[in-house]
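Results of the structural survey
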Amino acid sequence: MPSELTVTDPPARPAVDPRTPPPTRPYRALLVALAVAWLVPAVAYPLHLAWLLPPLVLLATASLLRGGRTLLDRLVLAMLLLVGVTTAAGLLFTLWPWGLHPVAVSGTALTVLALIAVVTGRRPALPRPGWTDLLPVVTAVAVVGYLASPWLRATALVGRLSLLALGEDNFRHVALVDAIGRLGGYVFLDPSAARDDIVSLLARYPQGWHLTTAVLDTHLRSATGTPSGASTLSHYEWWCFATFGLLVLTLFWAAQRLPGPLHPLHRVVLTVVVGALVLGSQLPRLLIAGYPSEVLGLALAVALTALVVRPLAGNREQLILFGALLTGIGFTYYLFLPPAGLLVLGWLVAHRRELLRIRRTVLAVGLVTALLAPLPLLLGIFAAGQTEALDAKAGLELAEAWRALLGLTPIVLIGLVIQARRADRAWRRHLAAVLVAVGFALVIALANILSGIQPAYYFMKGVHLATVGLIVGTAALVVLLPVPKADARANRARAVAVPALAAALAVLTVVILCGLTGWSRSLLVVNKQSWTQLWVQNSVDKPSRAAQVCAAAYRRFPHQPGTVTVVLDRGGYRGYLESICLSALQGTTAQTERAIYLPVFDEPERTRKMLRGARGPIRLVISDPAAQRRVDKLLTRYPDLRGRVTTVQMHIKY
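Reading guide: rules and limits
- Residues numbered from 1 in each chain as written.
- Predicted model: local features only at pLDDT ≥ 70, side-chain atom pairs only at ≥ 80, totals over all residues.
- Heavy atoms only, no water.
- Helix = DSSP H or I, 4+ residues; strand = E, 2+ residues; numbered from the N terminus.
- Contact = heavy atoms within 4.5 Å.
- Pairing = 2+ DSSP bridges.
- Axes fitted to C-alpha atoms, helices over the stretch in contact; angles between N-to-C directions.
- Buried < 20%, exposed > 50% of the residue type's maximum accessible area, 1.4 Å probe, protein only.
- Left-handed = near helix turned anticlockwise from the far one by under 90°.
- Nonpolar A, V, L, I, M, F, W, Y, C, P; charged D, E, K, R; others polar.

This part is about the environment of Arg 608. Following the sequence through the fold, Arg 608 ends up in helix H28 (residues 605-613). The residues touching Arg 608, leaving out its near neighbours within four places in the chain, are Leu 634 and Tyr 638.

Structure (structure tokens):
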């Protein structure tokens, strides 16, 4: 069979020729490297150039890797490796006295890289860049730039709050990033110490994305802690866009890695197909609704699947990447840990004979991963009772989950089955990976049904995992398209025209079915407009009432230490959304917890529980006359509350 059918990464060159005696230890080089590792961050930080340190660490990491054939391979693997390592290193950052200080974090990272280079004997080296590296990067930037257009148009605070209010989870994630930045590490290691900094329901939420974001943000600003007020929201949203961009880039990379060598025509078509499916599916809703942890978890899961499907040449490097990716998944979105672990277990069993030669590495990486990866999962189950969330109800998006599952699965499976008949085992491995992801979603659905409810919220999350695997799997269909034959000299125009026409028809079909042309609705969503269209066409000139009330309250009523400030509106949910928005801006989510997170939304019962449950002085920002009448009646009924309740008027017509 042609060698291209079984292409893998080129074998890693040994660092030292086994026939030559080992060189003397380069103590001088090590001392110089260690000095530079600390001198560069120490100089960059006071000059406000710490934002250069993460790219430096990324390039240094990529230059020491040997897996992958292209520059894009190295950069994507290094980026996701660093994400996984950072989530684990967050435990160290929490315990040492320097917190997330850029000098300490980057200095330690560069020191570790210097030690690795000396121990392994590897010299920094990177493949030459090519257009195949540039195409996925440019396309991912274009996709994220398109999705960021509403945020760029919304220059005023009220407009940006209106966009964030589309998903109330955004405000909770803002608060968690803020708390981690102020505390200098993970909240879940000592929830009692963070009682005054974060709402209790987030104390043991998976915090890998939040800590990674806080680390990068301190480097971006060359400052410790977190920005305050409106700046917090702006930084948060841009990191959300960056995370979604990482997912998109990882999808492009994995889809082009799956088939091995690709004809340029296939590469271009595959890029358009993957981009169209991303924009036309439910995935942009993850950005809109405020699910950055899930987005990062999906990116890590896609990369892990790509390495299982087409492994690296060096087993040691492969194992280290597996350990980092599994740890990253566990710390960011541990729902995806079981299927990811199953894929890695399958790879370990398939390569068990090869791994016996490096059993020490296997034991070391396996032990560290087994201790770290399930840690947030175990804390969530045994300390926070998060298994109850599996029964959380789903909204109208449940129909979209079924559409994605039933619409994409048969088509992609047909392509994978066709390709699985070839000699390249990567197709069979990806077929197995897709079946694992689809089966995982169906198992969650079955568990919901057996518990007496319809497939619910986390079934949709399982479908998201299956969706990204299916999107990568479209490569099996794209490579079936004809390509120009190199030896067709007699009729060159015809040889080029037929493949070009087939490619154009395939691209047009996918773009139309994904609803990107506006001629028809996307087949993967329920509404007439896709999530991308609903988001991009959002009118920031007419912000929502919640955004107007929150922005006005933030400007008029600064935080008063020792006083709980909440907003009351006509309906219970309105006041709830406006209050969590205001508390995120003021950094008071912990202090307002007992007044905001109440089990009822019906009025006046909600206001009564709020006044009776909140401790200490409470300031009520009244944004509707009906809310004022409600408060007056309650204060008449409970005169003992008058001494600690203050009301301020801020009626806003909408």
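A word on the sheet that holds strand E2 (residues 618-622). Spatially, E1-E2-E3 is the arrangement adopted by the three strands of the open sheet, whose pairing is parallel. Either end of the sheet is taken by a strand with one partner, and the two such strands are strand E1 (564-568) and strand E3 (645-649). Taken pair by pair, the neighbouring strands of this sheet meet at an average axis angle of 25°, ignoring direction. Bridge analysis of E1 against E2 gives five bridges, and the strand direction is parallel. By the bridge assignment, Thr 565 is partnered in E2 with Arg 619.

A separate point is unusual backbone geometry. In this structure, the amide linkage connecting Glu 603 to the following residue, Pro 604, adopts the cis form with an omega of 10°. Here Pro 604 is to be found in the loop between helix H27 (593-596) and H28. One non-glycine residue, His 48, adopts positive backbone phi at about 60°. What makes His 48 exposed here is its relative accessible area of 54%.

Taken N-terminus to C-terminus, the directions of helix H5 (residues 131-147) and helix H10 (residues 230-257) make an angle of 145°; their axes are 9 Å apart at the nearest point. For the pair H5 and H10, the sense of crossing is right-handed. Facing Thr 132, Pro 136, Val 137, Thr 139, Ala 140, Val 143, Val 144 and Leu 147 of H5, the residues of H10 in contact are Phe 241, Phe 244, Gly 245, Val 248, Leu 249, Phe 252 and Gln 256. When its residues are assigned to classes, the contact of H5 with H10 shows eleven nonpolar, four polar and no charged.

Geometric descriptors of this kind do not, in isolation, establish any biological role.
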